[in-house]
Amino acid sequence: MTGLRMAVLVSGRGSNLQAIIDGIQAQKIHGEIIAVISDKKEAYALERAQQAGIRTIVIEEACREAFQRTLLDCLHDLEPDLILLAGFMRLLSPLVIQSFPGRIMNIHPSLLPSFPGLEAQRQALEYGVKVAGCTVHFVDEGTDTGPIILQAAVPVLEEDDVDSLCNRILEMEHRAYVKAIELFAQGRLEIEGRRVRILPPAPAKEEIM
Ligand code: GRF
């Protein structure tokens, strides 16, 4: 297997992890997951990784500093090209973020900068917005504040509750994350301050010759 070497950080059910695994199998992403790292040993995402034959690592340090130090050591050993947060419920320390500049992505279930933080879909529903969605962004030291790579919108329907809205957004998350990762794999994302430029695809070989 060649291409992008990814480490995926998870804490929970791992449906985005599954979308990435499926995206690799369907050759929508050219790369491999070298490890799935969880801060919870009971995370269902770990089972998904094991079923796909992917190495799993659990870091369950209670103390925040010890956790971040262990995570950083682990990431240095793995040397991933890209780190993906997929339902990872901890903030990364500035040291971890600075060690992998422009190489950490997150998926968030709102159209940022609206509704950062926890329970974004509930926040959107309670605010009364008519359009919700998801955002894939590079990670900086703020909470859900990094440069935006892709966004996808969905309608909020009259009959929606939090669950139905979550499900509609989740479907878009899976597609947007796979697309953003492949753009990165193709070297087509360029960060310019707050903006992420999506470069055109490289010309096919016969066009060059
Ligand atoms: C997703 O809604 C993601 O946007 C947010 O956490 C949730 C994780 O879901 N960051 P899953 O574990 O990928 O199913």
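**A few points about the pairing of strand S9 (residues 195-198)**
Right, so step 1: Pairing of strand S8 (residues 189-192) with S9, which is carried by four bridges, proceeds in the antiparallel orientation. Bridged to glutamate 190 within S9 is arginine 197.
Right, so step 2: Connecting S8 to the next strand, S9, in antiparallel fashion are two residues, including glycine 193 with a positive phi near 65°.

**Brief notes about the nonpolar core**
Right, so step 1: In this structure, Met105 and Ile181 are the most contacted members of the largest nonpolar core, which totals 43 residues.
Right, so step 2: The greatest single-element share of this core, amounting to 10 residues, is contributed by helix H6 (residues 162-185).
Right, so step 3: Two domains each donate at least three residues to this core, and these are domain 1 (1-100) and domain 2 (106-199).
Right, so step 4: For isoleucine 181, the contacting residues outside a window of four places in its chain are Leu4, Met6, Ile20, Ile29, Leu82, Leu84 and Met105.
Right, so step 5: Among the nonpolar cores identified, the runner-up in size contains 22 residues, and Ile57, Leu71, Leu85 and Ile97 belong to it.

**With respect to the site of the ligand**
Right, so step 1: Surrounding the ligand, one finds Arg13, Gly14, Ser15, Asn16, Gly87, Ile107, His108, Pro109 and Glu173.
Right, so step 2: One of the side-chain N or O atoms of arginine 13 is found 2.5 Å from an oxygen atom in the ligand.
Right, so step 3: Within the contact set of the ligand, an oxygen atom lies 2.7 Å away from a side-chain nitrogen or oxygen of glutamate 173.
Right, so step 4: Given that more than half its atoms are within 2 Å of the pocket grid, the ligand belongs to the largest pocket.
Right, so step 5: Of all the secondary structure elements, the ones that give two or more residues to the shell around the ligand are helix H1 (15-25) and strand S5 (104-108).

**Looking at unusual backbone geometry**
Right, so step 1: In this structure, proline 113 follows leucine 112 across a cis peptide bond, with omega equal to 10°.
Right, so step 2: With respect to the element layout, proline 113 can be found in the loop between S5 and helix H5 (120-127).
Right, so step 3: One non-glycine residue, phenylalanine 115, adopts positive backbone phi at about 55°.
Right, so step 4: One non-glycine residue, glutamate 119, lies in positive phi territory at about 50°.

**Observations regarding the environment of isoleucine 104**
Right, so step 1: Within the secondary structure layout, isoleucine 104 lies in strand S5.
Right, so step 2: Spatially, the C-alpha atoms of isoleucine 104 and valine 8 are 9.8 Å apart, while their sequence positions differ by 96 residues.
Right, so step 3: Each residue touching isoleucine 104, except ones within four places of it in the same chain, is listed here: Leu82, Ile83, Leu85, Leu92, Val96, Ile97, His137, Phe138 and Val139.

Calculation rules
Within every chain, residues take consecutive numbers counted from 1 along the sequence as written. Given that this is a predicted model, residues contribute local features only at a pLDDT of at least 70 and side-chain atom pairs are listed and counted only at 80 or more, while totals for whole chains, interfaces and linings are drawn from all residues. Excluding hydrogens and water, the side-chain figures rest on all heavy atoms present in the structure. Paired strands, in this sense, are two strands between which DSSP finds at least two bridges. Per the convention used, a helix needs a DSSP run of H or I reaching at least four residues, while a strand needs a run of E reaching at least two, with both numbered from the N terminus. The term nonpolar core refers to a set of buried residues drawn from Ala, Val, Leu, Ile, Met, Phe, Trp, Tyr and Cys, joined through side-chain atoms within 4.5 Å. Exposed residues in this analysis have more than 50% of their type's maximum accessible area, buried residues have under 20%, and partly exposed residues fall in between, with area computed by a 1.4 Å probe over protein chains only. Residue ranges assigned to each domain were obtained from an automatic or database domain assignment. Should any heavy atoms of two residues lie within 4.5 Å, those residues are counted as being in contact. Working definition: residue near molecule or strand if any one of its non-hydrogen atoms lies within 4 Å of it. Polar contact is the term for a pair of N or O atoms within 3.5 Å; when the atoms are in protein, one must be able to donate a hydrogen and the other to accept it, and sequence-neighboring residues count only if both atoms are side-chain atoms. With a 1 Å grid spanning the protein atoms alone, the term cavity applies to any set of points in which a 1.4 Å probe fits but cannot get out, the term pocket to an open set with protein on both sides within 12 Å along at least five of seven lines, and the term lining residue to any residue with an atom within 4 Å of a point. Those molecules having more than half of their atoms within 2 Å of a cavity or pocket grid point set are described as sitting in that cavity or pocket.

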